[in-house]
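Residue-level structure breakdown
Residue-level listing of the chains:
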Amino acid sequence: MDWRINESLPIWSQLTEQLTAFIAAGRYGPGERLPSVREFAADAGVNPNTMQRALSDLEQRGLIVTRGTSGRTVTEDASRIKELRRELAEEKLQQFMDSMRELGFTEAEIRNVIRDAIKEEKDG
């Protein structure tokens, strides 16, 4: 995994955010078994207790499920994952809109920038 840890923010929170994005992006699919806490922690270079806190948060949010001795899996609830993707998209869009407004763009100018970027993506 490509973990990005910033020491100025709570590490467990960053792990939660990154694992959430991995689930939303399908890197871990519905029902897929996740690595153990120790495996995840070693991969991320963090304390297992920190990783455990992140995974517990994901479980409370309904994104992962503990299956007794079988370990943890991603939820099989496709509607929950779809809802998650929508939430993350809206959050990213709001951040983009706020940044563009800070730069002085009007809504019409923002629409033009987006339209042009989509056109370039298609043509490029």
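Please read all numbers here as calculations on a predicted model, not as lab measurements.

Per the secondary structure count, the protein includes 5 helices and 2 strands. Mapped in sequence order, the helices and strands of the protein form the string α-α-α-β-β-α-α. Its C-alpha atoms give the protein a radius of gyration of 18 Å, more than 25% over the compact-globule value 14 Å for 124 residues. Taken over 124 residues, the protein has a buried fraction of 29%.

Moving on, we come to the pattern of salt bridges. For the coordinates displayed, the defined rule picks out 8 salt bridges. Across the salt bridge formed by Arg101 and Glu107, the nearest N and O atoms sit 3.7 Å from each other. Here Asp116 makes a salt bridge to Arg115, at a shortest N to O gap of 3.4 Å. The class for Asp116 is partly exposed, based on a relative accessible area of 37%.

With that settled, consider a nonpolar patch on the surface. Residues Leu93, Phe96, Val113, Ile114 and Ile118 make up a contiguous nonpolar surface patch of roughly 380 Å² in combined accessible area. If you list the elements that add at least two residues to the nonpolar patch, you get helix 4 (78-102) and helix 5 (107-123). Broken down by element, the nonpolar patch gets its largest block of residues, 3 residues, from helix 5. The class of Val113 is partly exposed, set by a relative accessible area of 33%.

Ranked by size, the top nonpolar core spans 22 residues in total, and within it Trp3, Leu19, Ile23, Phe40, Met51 and Leu55 carry the most contacts. Secondary-structure elements contributing two or more residues to this core are helix 1 (11-24), helix 2 (37-44), helix 3 (48-60) and helix 4. The element best represented in this core is helix 1, accounting for 5 residues. If we ignore the near neighbours within four places in the chain, the residues touching Met51 are Trp3, Leu15, Leu19, Val37, Phe40, Ala41, Ala44 and Val46.

Below, the discussion takes up the side chain of Asp57. Within the element layout of this structure, Asp57 appears in helix 3. Buried within the structure, Asp57 lacks any salt-bridge partner; its nearest side chain of opposite charge belongs to Arg61, at an N-O separation of 4.2 Å. Setting aside its immediate chain neighbours within four residues, Asp57 contacts Trp12 and Thr16.

Okay, the side chain of Thr20 next. Tracing the sequence through the fold places Thr20 in helix 1. In this structure the side chain of Thr20 is engaged in a polar contact, spanning 2.7 Å, whose partner is the backbone oxygen of Thr16. Setting aside anything within four residues of it in sequence, one finds Thr20 in contact with Leu58, Arg61, Leu63, Leu84 and Leu88.

Looking at the element boundaries, Ile64 is found in strand 1 (residues 64-66). When its relative accessible area of 2% is taken as the criterion, Ile64 is described as buried. Residues Ile64 and Met1, 63 residues apart in the sequence, show an inter-C-alpha distance of 18 Å. Once residues within four sequence positions are removed from consideration, Ile64 is found in contact with Ile23, Leu34, Leu55, Leu58, Glu59, Arg72, Thr73, Val74 and Thr75.

Reading the values: the criteria
- Residues numbered from 1 in each chain as written.
- Predicted model: local features only at pLDDT ≥ 70, side-chain atom pairs only at ≥ 80, totals over all residues.
- Heavy atoms only, no water.
- Helix = DSSP H or I, 4+ residues; strand = E, 2+ residues; numbered from the N terminus.
- Rg over C-alpha atoms; globule rule 2.2 N^0.38 Å.
- Buried < 20%, exposed > 50% of the residue type's maximum accessible area, 1.4 Å probe, protein only.
- Salt bridge = Lys/Arg side-chain N within 4 Å of Asp/Glu carboxyl O.
- Patch = residues over 30% accessible without salt bridge, like charges linked within 9 Å, V, L, I, M, F, W, Y side chains within 5 Å.
- Areas by Shrake-Rupley, 256 points an atom, 1.4 Å probe, with all protein chains shown as cover.
- Core = buried A, V, L, I, M, F, W, Y, C linked by side-chain atoms within 4.5 Å.
- Contact = heavy atoms within 4.5 Å.
- Lys, Arg positive; Asp, Glu negative; His and termini not counted.
- Polar contact = N/O pair within 3.5 Å; in protein donor to acceptor, adjacent residues only side chain to side chain.

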